[in-house]
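Residue-level structural notes
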Amino acid sequence: MKYEKSLLFFETPKISIAIFAGIFCLIICFFSSCKQKTNNYVIGISQCSDDEWRHKMNLEMQHEAVLHQGVVLNIKTVVDDTEKQIQDIRDFINKKVDLIIVSPNKAAPITPIVEEAFKAGIPVILVDRKILSDQYTAFIGADNYQIGKEVGNDVAKLLNQKGNIVEIQGLEGSTPATERHQGFLSIVSKYPQIKLVYEADGAWLKDVAENKMDEALNKNQYIDLVFAHNDRMAIGAYNAANRRNKINGIYFIGIDALPGNNGGIEQVLDHKLEATFIYPTGGDKIIQLALNILQQKPYEKNNLLYTAVVDKTNAKVLKLQSDEIIEQENKINFLSKKVDSYLLQYTTQRYLFLGAVSIVVLFVVLLIFLFRAFYSKNRLNKELEQRNLEINKQKNLSEQQRDQLIELSKQLEEATHAKLVFFTNISHEFRTPLTLISGPVSSLLADETMNVEQRRLLMLVQKNIGILLKLVDQIIDFRKYENGKLNLILDEYDLKSQFIEWNESFAEIAKKRHLQFNSGIIPENSFLMNVDLEKIERIYFNLLSNALKFTPEKGMIDVSLDKTSKNGTDYAIIKVSNSGKGISEEGIRHIFDRFYQVDSHLAGSGIGLALVKAMVELHQGEICVDSEQNGWTTFTVSIPFLQKGHPEKQKYPEKNQTTIANQMQDEDFHQKSEIFEEVRDKNKPEILIVDDNSDIRSYIKTILQNKYSIIEAIDGEDGLKKAVKFVPDIIISDVMMPKMDGVELCQKLKSEISTSHIPVILLTACSLDEQRIVGFRSGADDYIAKPFNSDVLEVRISNLIENRKLLKELFRTTFFSDSKEEPKEEVSDVEKTFLERLKKLIEEQLSDPDLNVENLGQQISLSRTQLYRKVKSLTNCSPNELLRIIRLKKAYHLLSTTGLTISEVTYRVGFTSPSYFTKCFKEYYNESPSDFLKRIR
């Protein structure tokens, strides 16, 4: 089935090409039909009222927009509601319209939202009314101040410069009302006999103006003229006066001069208004200005529309013109609706046509798809038949391989069993020679005539015999457990007292290792248990040994004993925790597997924890481990107080039981014991011994201490530090060590300029050729497998020292020779590079009398001591001797090849006085410089 799916997937893209082509064609057609709608200009319009004047303006803007393709008007109107107008403008901002046209209801509240739109990058056109800042794009409208002045002049003329006037103003706070009032006052204030007897806010509304006129009539008996800021308010005032039969002798003047029924022009003809002033709407000019801004054409920021008076002399003519204009606008509206209807029909028909074409294309594509599918099905059926045959062959082959794997598994299991049997048998065989060794050693130790060194070596032998016997016992016990023959020897013991005793023994060992050991607070409960004490002791010993092995210096080990109950059964809980680098998740999964080691750099058999788990399970208990990376590792053991299925007491066989303290000592847990600095004999070659086993270090030291000065290091990191500090003549290092193994140590020593010349001998228990190759590749000079012969070790050390002496002489000869020939003997690149660099530095600064060891050390990144030991080990000369000889060689060359005087040569090669130069020259060449000159001349 997988093969069938892969073929279908392979064919599908080919078939789908036609489908995608058809869909692509449809998309192209759709976008071509919609192309005329791209690049539209969306203009948001916010009107502050719904009066006839703004209705006329909206019609003019719509008619003008029809003449320009792609202009969309979004008109929102409020009725003197400032908050609603602010919301409308913010909605335009959020929709990111291309331009906003605003007729502010009130200047102050609308100013912030207009500034916000302007700062957002949206052009803003103010119509009719301004705001209280200049942060807008353009203004278009009549000059209200000028209109006010025109009205004032007309009123003064009409009243013969005297009379009482009532002024009904527009909405308070709107700029047209304010400017018209100011313009009007600027004229009438020139005529002292014209008095403004009453003024009020008519809010641009007819009803409000009618009420205000009532108040004016109540307060003033004589009124000659009423000036209203628009025609609606003027008609309202007229109605109030007419209702009181006081229209005689009162002139009514308004502003707007709108055409049509109830418009200002008609009111003049009906003799209700004496005059009205044209307030131009300019809707067409507003759209033209907006397009100039959007198309980035030149435009004026302030665009003023001019006014004119309409009275009985010209009202009739203007009415005829306006009626004609209205009739033409109605015709335009009718034609516009017809055009929209035709466009809708055209668009519908176009979409129907495209839909039909799409259906045809999809039908053709479907036919192609069906044909290809039919063709592919036939071909796939043939290929599947062939594939099924191959699958059947593979199935048969897999079954054969499975049978082979089962057979191999059985053979492997038998081989593993045979290996375990072999290890068990050989472990039994080890007991006899170990017993034969242990007996004579014990007899020799009983001899009081032997010296201290002999006794120490015999005790070392006896201790390691105990370690071997313990390893043998572990292998035998583990084999017994696997065969079901490892039995418990039960008796009643107080685990608390035993736990305290074990901890007291272990605390001393932890103190030697500079570890903080905490045994915690043991509860007062009784811990009288039916257990195999020897096995419990071995469980605890193995867990402590692991904690000790994996805890770094100055780390912490915590142990605790507690009691808990589960399902009516009492359990003793033993916890062993240690700080350190922790165990990985992979390590935790395999920690109790036999022969598994968390850290291959540490010595061990790999069966300790597997045996611990076996002994815990024999006691019907459980063991688990928790660990954090670079944190704490905790082993938890739970042992039931009573063993089900076992007699409560059994007599323990007579046996020499070993306490945990003795086990700790036998197991060499003090192998990283503190090393005290010894007095170094500078007359002897120095050897650095690096090994984490103190017995190995002690043994090698015993062999070599008569001929060599010995320095000890407990691991690779300690060894590297002491090698850099002391620069010994030879380093002997174990391979498997914690923190840094011998191979890594050797690599770092050979890469450091201060230690690269030191010969390194690697000691290891692994004698495989592969391991030897790794050692030699790391730069080791020799490789000795354990167990080793002490005479062989001494001979190899002696040979390496002699070879270093020969190399010293070779380097010395090459260094002082003018020949460019390199030494034939194999020398590391690091050492050759070091000497070449040192020689170059000396030659470049030879004439400097202040050049000394400190200066050279700083330039070559070595301390004075390190430079001295490095140069001494390579050339058998101190750095000062080396510098003096090079100066004398250069002086010899100058005296031989130039005509310089002795004094000139003295200062040129860096000597401070001719007398000292003469002395040194004579000591080195056995003749004075003057005698040398006489001889060569």
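Residues numbered from 1 in each chain as written. Predicted model: local features only at pLDDT ≥ 70, side-chain atom pairs only at ≥ 80, totals over all residues. Heavy atoms only, no water.

This part takes up the overall build of the protein. A count of helices and strands for the protein gives 29 helices and 24 strands. Classification of the 937 residues of the protein by burial places 43% in the buried group. The contacts in the protein between residues at least 6 apart in sequence include a share of 69% that link residues at least 24 apart. As presented, the protein carries roughly 51300 Å² of accessible surface, and 53% of it is formed by carbon and sulfur atoms. (Helix = DSSP H or I, 4+ residues; strand = E, 2+ residues; numbered from the N terminus. Buried < 20%, exposed > 50% of the residue type's maximum accessible area, 1.4 Å probe, protein only. Contact = heavy atoms within 4.5 Å. Areas by Shrake-Rupley, 256 points an atom, 1.4 Å probe, with all protein chains shown as cover.)

Time to look at the sheet that holds strand β1 (residues 41-47). Backbone-to-backbone hydrogen bonds join strands into a sheet, with any given pair of strands oriented parallel or antiparallel. With respect to topology, 6 strands assemble into an open sheet ordered β2-β1-β3-β4-β5-β11, the strand pairing being parallel. The sheet terminates laterally at β2 (71-77) and β11 (302-305), the two strands that pair on one side only. Averaged over all adjacent pairs, the angle separating strand axes in this sheet is 15 degrees, with direction ignored. Two elements, β1 and β2, share 7 bridges in a ladder whose sense is parallel. Across the sheet, residue Gln47 finds its bridge partner in β2, namely Thr77. On top of the sheet, helix α3 (residues 82-94) reaches β1, β2 and β3 (99-102); it is set at about 170 degrees to β1, its chief contact. (Pairing = 2+ DSSP bridges. Axes fitted to C-alpha atoms, helices over the stretch in contact; angles between N-to-C directions.)

Turning to the sheet that holds strand β23 (residues 760-764), a few remarks are in order. If you trace the 5 strands from one edge of the open sheet to the other, you get β21-β20-β22-β23-β24, paired in parallel fashion. Because the sheet does not close on itself, it has two edges, and the strands there are β21 (709-713) and β24 (782-785). Recorded for the sheet is a direction-independent mean angle of 20 degrees between the axes of neighbouring strands. Two elements, strand β22 (residues 730-734) and β23, share 4 bridges in a ladder whose sense is parallel. Directly across from Asp734, in β23, lies its bridge partner Leu763. With respect to the sheet, helix α19 (residues 716-726) is in contact with β20 (686-690), β21 and β22, its orientation differing from that of β21 by roughly 140 degrees.

This part is about unusual backbone geometry. Even without glycine at this site, Asn245 takes up a positive phi of about 60 degrees. By the element assignment, Asn245 lies in the loop between α8 (231-243) and β9 (251-256). Despite not being glycine, Gln620 shows a phi value in the positive range, around 60 degrees. In this fold, Gln620 is placed in the loop between α16 (608-618) and β18 (622-627).

Turning our attention to the environment of Cys746. The residue Cys746 is located in helix α20 (residues 742-751) in this model. The exposure class assigned to Cys746 is buried, which follows from its relative accessible area of 0%. When residues no more than four places from it in sequence are discounted, the contact partners of Cys746 are Val760, Ser778, Gly779 and Ala780.

Take the nonpolar core next. Formed by 41 residues in total, the largest nonpolar core has its most connected members in Leu495 and Leu543. For this core, the leading source of residues is helix α14 (residues 533-550), giving 8 residues. If you look at the next biggest cluster of nonpolar residues, it comprises 38 residues, including Val127, Ala142, Ile286 and Leu305. (Core = buried A, V, L, I, M, F, W, Y, C linked by side-chain atoms within 4.5 Å.)

If you check which residues of helix α24 (residues 853-860) are buried, you get Val853, Leu856, Gly857 and Ile860. The buried residues of α24 occupy an angular sector of 100 degrees when projected down its axis, which confines them to one face. After α24 finishes, the residue Ser861 shows a positive phi value of roughly 65 degrees. (Arc of directions from axis to C-beta.)

Moving on to the pattern of salt bridges. Inspection of the entire model under this criterion finds 24 salt bridges. Here Asp91 makes a salt bridge to Lys76, at a shortest N to O gap of 2.6 Å. Residue Asp91 is located in helix α3, and its partner Lys76 is located in strand β2; the two are separated by 15 residues in the primary sequence. For the salt bridge of Arg379 with Glu383, the shortest nitrogen-to-oxygen distance reads 3.1 Å. Of this pair, Arg379 and Glu383 both sit in helix α11 (residues 315-445), separated by 4 residues, roughly a single helical turn. The exposure class of Glu383 is partly exposed, given its relative accessible area of 24%. A single salt-bridge network, built from bridges that share partners, covers Glu210, Asp214, Arg243 and Arg244. (Salt bridge = Lys/Arg side-chain N within 4 Å of Asp/Glu carboxyl O.)

Glancing now at a nonpolar patch on the surface. Taken together, Val360, Phe363, Val364, Leu366, Leu367, Ile368, Phe369 and Leu370 make up a surface patch of nonpolar side chains, about 720 Å² in accessible area. The topology assignment puts Ile368 in helix α11. Its relative accessible area of 40% is what places Ile368 among the partly exposed residues. (Patch = residues over 30% accessible without salt bridge, like charges linked within 9 Å, V, L, I, M, F, W, Y side chains within 5 Å.)

So, about helix α5 (residues 144-158). The terminal C-alpha atoms of α5 lie 21 Å apart, and with 15 residues this matches the ideal 21 Å at 1.5 Å per residue to within 8%. One or two steps after α5, the chain reaches Asn160, where phi turns positive at roughly 55 degrees. (Expected span 1.5 Å × (residues − 1).)

Take the packing of aromatic side chains next. Taken as a whole and judged by the stated rule, the model has 16 aromatic pairs. An aromatic cluster is present here, built from Tyr892, Phe911, Tyr916, Phe917, Phe921, Tyr924, Tyr925 and Phe932 joined pairwise through their rings. The ring of Phe139 is capped by Lys130, whose NZ or CZ atom sits 4.9 Å from the centre of that ring. The ring of Tyr136 carries the charged tip of Lys301 above its face, separated from the ring centre by 4.8 Å. (Phe/Tyr/Trp six-rings, centres within 6.5 Å; stacked < 30°, edge-to-face > 60°. Lys NZ or Arg CZ within 6 Å of the ring centre and 35° of its normal.)

For the protein, mean pLDDT is 80; residues scoring 70 or higher make up 84% of the total. Note that residues 1-15 has pLDDT below 50 and, in this model, 14 contacts with residues that lie over four places away or in other chains. Every residue in residues 651-661 is under pLDDT 50, and counting partners more than four places away or in other chains gives 18 contacts. (pLDDT = per-residue confidence, 0-100.)

With that settled, consider the side chain of Ser103. Within the secondary structure, Ser103 is located in the loop between β3 and α4 (107-119). Looking at Ser103, the relative accessible area reads 1%, which means it is buried. A polar contact of 3.2 Å, which involves the side chain of Ser103, links it to the side chain of Arg54. (Polar contact = N/O pair within 3.5 Å; in protein donor to acceptor, adjacent residues only side chain to side chain.)

Burial along β11 is one-sided: Asn303 and Leu305 are buried, while Asn302 and Leu304, pointing the other way, are not. Relative to β11, strand β5 (residues 138-142) is paired through 4 bridges, and the arrangement is parallel. Of the residues in β11, the one forming a bridge with Ile140 is Asn303.

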